[in-house]
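Report on the structure
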Amino acid sequence: MTVAVGMLLGLLVLFALAESITVGSDTQPVMGHTVSVPVGDPAGRTGSLPSTDAPDAPPTGAAVAPLNIMIFPLLALATTLPLLLLWTQPLAAAVLICAASVLSIAGFHTLTVAGMIAQLMAAYRCGRHGPPTPAVLVTVPFPVLAVALELAGATGGDQVRVLTLLAACLAPAAALAGIARRARGKAMADTAARQVVADSLLEHTARGERARIARELHDVVAHHISMVAVQAETARLAVPGMPAAGAERLLAIGDTARAALTEMRRLLGVLREDAQAEATWRPQPGLRLHELNELLDESREASGAWTRLILRGTPVELDPGVELAAYRIIQEALTNVRRHAPGAAVDVELHYTDDALRLAVRDNGPGPSGEGVAGHGLAGMRERAAAVGGDLRTGPAHGGGLLVEARLPGKDADAPATGNAGGPLTGDAGASMTGKDASAS
């Protein structure tokens, strides 16, 4: 609580004391009510002298004023001093001020302006920083008291009625204003938090995409450009009797390839700036047996469903870009199955022919939906297939489920089938299944 707020509360308490002393010196209790005593008429009568024949005449205002001057300031303090708790315990402060105000109105038919202001402050603060329901319930007694004063025809004076009516109208409004302010602040905080999460997710996605592009450029494109430079230099040095013009052309080809590699390294540096987490770089995955087994095992562990790999033909080493595209298509297809057909069994089939690799991912789920067929994942698979000179189609599988089928370029029949690092897939011409469990997992 700041010094300015403390000074304001102190002035409010002093104002309440001064007002209560003034009111207490001008009123006296009569049969449970307070009535105003005109100044200068000790008997409380106007226009006549006090009767000496009435044995039950009420006590004079001078006799009762000292008692009122003692009680009313205590009530004024009770309705204002709890404001000191307003910044630490708003609900407790509101309850104490409400109880003191109700006692002051119901028992002594008096209420100070400072007390009403304190009640409004407590109602707002309680609604702003406390539970909403108690904040509203604390203000309920004032409408009840306003109605009760009018029905009972209390003779406490117009000032008490007006202040009670104002408290009945303004206290609930103050509590609701505090609740609305709290809800607005919470909504703004939630919106800001969601925006931060969305920005972080977008940045993380962008970093991941840049890292993926950098890896693919490094592992596929850079490899081919390096081979161009090496072969051009080898041909220039190894071919005897080559004309000078031909040697110059080969030298120019090697220089161009090396310049392209230099520019690509710069591009990779830019792409990797925001991907500091990728401290270590490893070759992109392909169609090696252990890599496919790891991919299918991950799918089994994530979904708990039957997933098997079927091989047809003689596996051979393909272009690195083709193998990477095939791996990513299988990966995305398995992800789509887990997302749109959880628990469905999946068959991943690779069919090697002389001129093409035919890839099929089939599940026995409920079949394609509009969201699944038109999603970004399937569009990305089509782009990957097209990027390496292949094509991809999706549709309902025979007997139900979704079928993702791709045709990717293969090797010629007379091309040597040399193994990759780690060895290519091996198998006979028939169907075979690999993984942790050959039949099911």
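Just so you know, the residues in each chain are numbered from 1, in the order the chain's sequence is written. The predicted nature of this model means local features are confined to residues of pLDDT at least 70 and side-chain atom pairs, given and counted, to a pLDDT of 80 or more, with totals for whole chains, interfaces and linings taken over all residues. With hydrogens and water stripped out, all remaining heavy atoms of the structure feed into the side-chain values.

Right, let's get into the pairing of strand β7 (residues 402-409). Regular strands place their side chains on alternate faces of the sheet. At least two bridges found by DSSP between two strands is the condition for calling them paired. Numbered from the N terminus, helices here are DSSP runs of H or I no shorter than four residues, and strands are runs of E no shorter than two. Pairing geometry for strand β5 (residues 356-363) and β7, over seven bridges, is antiparallel. Note that in β7 the partner of Ala360 across the bridge is Glu405. Bridge count for strand β6 (residues 391-396) against β7 is six bridges, and the pairing is antiparallel. Bridging from a neighbouring strand, Gly395 pairs with Leu403 of β7. The antiparallel hairpin formed by β6 and β7 contains five residues in its connecting segment, where Gly399 sits at a positive phi of about 90°.

With that settled, the discussion passes to a nonpolar patch on the surface. Residues with no salt bridge and a relative accessible area higher than 30% make up the patches, which join like charges within 9 Å and nonpolar side chains (Val, Leu, Ile, Met, Phe, Trp, Tyr) within 5 Å. Computed with the Shrake-Rupley method and a 1.4 Å probe, the accessible areas treat only the protein chains shown as cover for residues. Note on definitions: salt bridges are taken to be side-chain nitrogens of Lys or Arg within 4 Å of carboxyl oxygens of Asp or Glu. A cluster of nonpolar side chains, namely Leu137, Val140 and Val144, defines an oily patch on the protein surface of about 270 Å² accessible area. With respect to the element layout, Val144 can be found in helix α6 (residues 141-152).

Our next topic: the environment of Ala177. Among the structural elements, Ala177 can be located in helix α7 (residues 158-238). Residue burial is assigned from relative accessible area. The probe radius is 1.4 Å, only protein chains are included, and a residue is buried under 20% of its type maximum, exposed over 50%, and partly exposed in between. Overall, Ala177 belongs to the partly exposed group, its relative accessible area being 36%.

Evaluated as defined, the whole model comprises nine salt bridges. Ionic pairing is found between Arg258 and Asp255, a salt bridge with its closest N-O pair at 2.6 Å. Placement of both Arg258 and Asp255 in helix α8 (residues 244-272) is noted, with a separation of three residues, approximately one turn of the helix. Given a relative accessible area of 35%, Arg258 falls into the partly exposed group. Overall, Asp255 belongs to the partly exposed group, its relative accessible area being 39%. Taking the shortest distance from any N to any O, the salt bridge between Asp347 and Arg308 comes out at 2.6 Å. Placement of Asp347 in strand β4 (residues 346-352) and of Arg308 in strand β3 (residues 307-312) is noted, with a sequence separation of 39 residues between them.

So, on to the packing of helix α3 (residues 90-108) against α6. Two elements in contact, α3 and α6, have axes separated by 11 Å at closest approach and are oriented at 5°. With respect to each other, α3 and α6 are oriented roughly parallel. Where α3 abuts α6, its residues Cys98, Ser101, Val102, Ile105 and Ala106 lie against Pro141, Phe142, Leu145 and Leu149. Residues of the contact of α3 with α6, tallied by class, amount to eight nonpolar, one polar and no charged. Simply put, an axis is a line fit to the C-alpha atoms, just over the touching stretch for a helix, and the angle between two N-to-C directions goes from 0 to 180 degrees. When an angle is under 35 degrees it counts as roughly parallel; over 145 it counts as roughly antiparallel; between 65 and 115 it counts as roughly perpendicular; any other value is oblique. For this analysis, residues touch if any pair of their heavy atoms sits within 4.5 Å. Each residue is assigned to one class: nonpolar for Ala, Val, Leu, Ile, Met, Phe, Trp, Tyr, Cys and Pro, charged for Asp, Glu, Lys and Arg, and polar for all the others, Gly among them.

On to the pairing of β4. By the criterion of burial, β4 is predominantly enclosed, with six of the seven residues buried. Here six bridges tie β3 to β4, and the two strands are oriented parallel to one another. By the bridge assignment for β4, Leu309 is matched with Val348. Of the crossover connections in this fold, the one passing from β3 over helix α10 (residues 320-340) to the parallel β4 is left-handed. Linkage of β4 to β5, two consecutive antiparallel strands, is achieved through a turn of three residues. Classification remark: right-handed applies to a crossover when, strands pointing away from the viewer, the course from the first strand over the helix to the second runs clockwise.

Here we take up the sheet that holds β5. Spatially, five strands are ordered β3-β4-β5-β7-β6 in an open sheet, and the strand pairing comes out mixed. Each end of this open sheet is capped by a strand with a single partner; those strands are β3 and β6. Along the sheet, successive strands turn relative to each other by an average axial angle of 15°, direction set aside. The pairing of β4 with β5 spans seven bridges and is classified as antiparallel. Paired with Val346 across the bridge in β5 is Asp363.

By the secondary structure assignment, Gly400 is in the loop between β6 and β7. Here Gly400 falls in the partly exposed class, since its relative accessible area comes to 31%. With 34 residues separating them in the primary sequence, Gly400 and Pro366 have C-alpha atoms 6.6 Å apart.

As a further point, take the packing of helix α9 (residues 289-303) against α10. Between α9 and α10, whose axes approach to 11 Å, the crossing angle comes to 10°. Comparing the axis directions of α9 and α10 gives the class roughly parallel. Contacts from Glu291, Leu292, Leu295, Leu296, Ser299, Ala302 and Ser303 in α9 reach Tyr327, Ile330, Gln331, Leu334 and Arg338 in α10. A breakdown of the residues in the contact of α9 with α10 according to their chemical character gives seven nonpolar, three polar and two charged.

So, about α9. The α-helix advances 3.6 residues per turn, and as a result positions three or four apart in sequence lie on the same side. In this scheme, a helix's expected span is set at 1.5 Å multiplied by one less than its residue total. For α9, with 15 residues, the first-to-last C-alpha span of 21 Å sits near the 21 Å given by 1.5 Å per residue. Among the residues of α9, those classed as buried are Glu291, Leu292, Asn293, Leu295, Leu296, Asp297, Ser299 and Arg300. Immediately beyond the C-terminal end of α9, within one or two residues, lies Gly304, with a positive phi of roughly 70°.

Next up on the list: the nonpolar core. Joining through side-chain atoms within 4.5 Å is the link that ties buried Ala, Val, Leu, Ile, Met, Phe, Trp, Tyr and Cys residues into a set, and such a set is a nonpolar core. By size, the foremost hydrophobic cluster in this structure holds 33 residues, and its most contacted members are Leu287, Ile330, Leu350, Leu357 and Leu359. If you list the elements that add at least two residues to this core, you get α9, β3, α10, β4, β5, α12 (376-387) and β7. Setting aside residues up to four positions removed in sequence, Leu359 forms contacts with Ala326, Ile329, Ile330, Glu349, Leu350, Val404, Glu405 and Ala406. In this structure, Leu9, Leu12, Leu83 and Leu120 belong to the second largest nonpolar core, which totals 29 residues.

Here we come to the confidence of the model for the protein chain. The pLDDT value expresses, per residue, how confident the predictor is, ranging between 0 and 100. Looking at the protein chain, the pLDDT average stands at 74 and 73% of residues meet or exceed 70. Contacts for the low-pLDDT stretch residues 28-64, under 50 throughout, to residues beyond four places or in other chains number 39 contacts. Scored below 50 in pLDDT, residues 413-441 makes 55 contacts in the model with residues more than four places away or belonging to other chains.

Looking at the secondary structure, you find Ala259 in helix α8. Once the C-alpha coordinates of Ala259 and Ala229 are considered, the two residues, 30 residues apart in sequence, prove to be 9.8 Å apart.

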